[in-house]
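# Observations on chain architecture
The residues making up each chain are set out below.
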Amino acid sequence: MERLNPFTTAQKQLDWAAEKLGLDEATHELLRWPMKEFSFTMPVRMDDGTTRIFRGFRVQYNTARGPAKGGLRWHPDETLDTVRALAAWMTWKTSVVDIPLGGGKGGIVCNPKEMSEGEKERLARAYIRATAGILGVTKDVPAPDVYTTPQVMAWMMDEFETLVGEHHPGVITGKPVPIGGSLGRHDATARGGIYVAREAAKAYGLALQGGTMAVQGFGNAGQYAALLGSEILGLRLVAASDSKGAVYNPKGIDPAALVQFKKQIGTVVGFPEGETLTNAELLELDVSVLFPSALENVITEENAPRVRARMVCELANGPTTPEADRILQDKGILVLPDFLANAGGVTVSYFEQVQNTYNYYWELKDVYARLDDKMTRAFHAVDEMAARHKVDLRQAAYLVSVARVAEACRLRGWV
Ligand code: NAD
């Protein structure tokens, strides 16, 4: 079967929004393509003395609202089209939360699981040598993504600063806290999603206090969703899964104990106070909120008719296929779309950049309060758009974000 090209999907989504918003042809065409894209090779000395040539990409999709912002992925199957699609989605994500940044993304074709720490460090530094001229606080600011970590960000920042001969911590975000990272970045994605879920529940009259939640993908986003879902929303965790399977207990699972168990054993499967379940069964549980927090395309045309959650809060990117999306909407399930629900991460990345520029660092409570403000405003802007155009929240999120980027292009006199 031919693999769906993610960039074709991204262009189709834009086409729909452009038509609905009545964008003129030039603006529509401008937003269909990356403004700039870079493809390059990076020779890296390997531990065995050989030199390997790695391929890298950086796409600056749109910078009308501010410098490009977006993660850097290390993946064996990386392609320019994947990076273009992700850069487009970052453009809509920074716009929907109304932070003064554009959208970008980077990638390296590599398999970090087969590389030593030294090889990874040399690759990270090679990427910066290849891109230093196009990066910077006022141009383009990368961040961690699939298989890139705060340590990788630290090496990259160091290489950039060595090249330019001065401190520039804001050139990259997601850094370790002692060298310019922000407090609160670790749980920002889940926390942002929890704030959006809280607002959505209020707006649509769903009582979450004392309700239940299931978390698919008990990794970074999923673990914090469980902890904060319990702390902030008063939800009881009844099921959680990872790539090995799921654990289920209708009476409730202590999220902190499960995080501890996963840390020690490496999986949620076998947690003593629960029974084993498959990942497929978890998605169909009768719960107040389902948090898909693992991979794309897990809620499909096939299983969507059996989904019984009242609300689906998409912390993962692209967990619901377009066909499944329609089925969930028809069933009256409230779907909080990925690029709104998981925008807390990039929002705190932006806060990190602001703190780096001021060279003055905020307390945790200030990060939380400012994140809450951004996510709450973003939800209500989207909800108002949904009411105005009689569309669902995902469609409304596209309308809000594309309209803002189009307006910035127009005000600059580009179109
Ligand atoms: P992670 O690697 O920390 O966690 C992913 C978890 O999913 C792991 O526990 C893994 O075992 C589990 N998993 C893998 N395959 C699975 C399967 N088939 N069924 C159930 N679980 C499975 O990754 P993360 O950083 O938490 O990211 C998760 C998702 O959230 C991704 O889609 C990512 O793009 C998105 N996201 C994350 C952030 C962030 O800041 N971490 C920001 C925005 C979006």
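Report on the accompanying structure. (Residues numbered from 1 in each chain as written. Predicted model: local features only at pLDDT ≥ 70, side-chain atom pairs only at ≥ 80, totals over all residues. Heavy atoms only, no water.)

On to the nonpolar core, then. Core analysis: the largest hydrophobic core is formed by 83 residues, its most contacted members being Trp92, Leu258, Phe291 and Leu336. Top element by residues in this core is helix α14 (residues 393-411). It accounts for eleven residues. For this core, the domains that each give at least three residues are domain 1 (34-178) and domain 2 (182-415). Discounting residues that sit within four places of it in the chain, tryptophan 92 has contacts with Leu14, Leu31, Phe339, Tyr398, Ser401, Val402 and Val405. Met115, Trp155, Met156 and Phe160 belong to the second-largest nonpolar core, a separate cluster that totals 26 residues. (Core = buried A, V, L, I, M, F, W, Y, C linked by side-chain atoms within 4.5 Å. Buried < 20%, exposed > 50% of the residue type's maximum accessible area, 1.4 Å probe, protein only. Helix = DSSP H or I, 4+ residues; strand = E, 2+ residues; numbered from the N terminus. Domains from an automatic or database assignment. Contact = heavy atoms within 4.5 Å.)

Moving on, we get to helix α12 (residues 344-358). A rise of 1.5 Å per residue sets the reference length of α12, with its 15 residues, at 21 Å; its end C-alpha atoms lie 21 Å apart and thus fit the reference within 8%. The element α12 is extensively covered by neighbouring structure, given that 13 of its 15 residues are classed as buried. With its phi angle positive at about 55 degrees, asparagine 359 sits one or two positions after the end of α12. (Expected span 1.5 Å × (residues − 1).)

A contiguous nonpolar surface patch, about 240 Å² in accessible area, is contributed by Met35, Trp414 and Val415. Looking at the element boundaries, methionine 35 is found in the loop between α2 (25-32) and β1 (36-45). For methionine 35, a relative accessible area of 34% gives the class partly exposed. (Patch = residues over 30% accessible without salt bridge, like charges linked within 9 Å, V, L, I, M, F, W, Y side chains within 5 Å. Areas by Shrake-Rupley, 256 points an atom, 1.4 Å probe, with all protein chains shown as cover. Salt bridge = Lys/Arg side-chain N within 4 Å of Asp/Glu carboxyl O.)

A few words on the side chain of aspartate 383. Structurally, aspartate 383 can be placed in helix α13 (residues 364-389). Here aspartate 383 is buried and forms no salt bridge, its nearest opposite-charge partner arginine 388 lying at an N-O distance of 11 Å. Ignoring anything within four residues of it in the chain, the contact list for aspartate 383 reads Ala203, Tyr204 and Leu393. (Lys, Arg positive; Asp, Glu negative; His and termini not counted.)

This part is about the sheet that holds strand β9 (residues 275-277). Taken together, the seven strands give an open sheet; going across it, the order is β9-β8-β7-β6-β10-β11-β12, and neighbouring strands pair in mixed fashion. The sheet is open, and its two edges are formed by β9 and β12 (334-336), each paired on a single side. Mean inter-strand twist for the sheet, computed between neighbouring axes without regard to direction, equals 20 degrees. Sheet topology note: the strand β7 (residues 236-242)/strand β8 (residues 245-248) ladder contains four bridges and is antiparallel. Looking at the pairing, alanine 239 lines up with tyrosine 248 of β8. (Pairing = 2+ DSSP bridges. Axes fitted to C-alpha atoms, helices over the stretch in contact; angles between N-to-C directions.)

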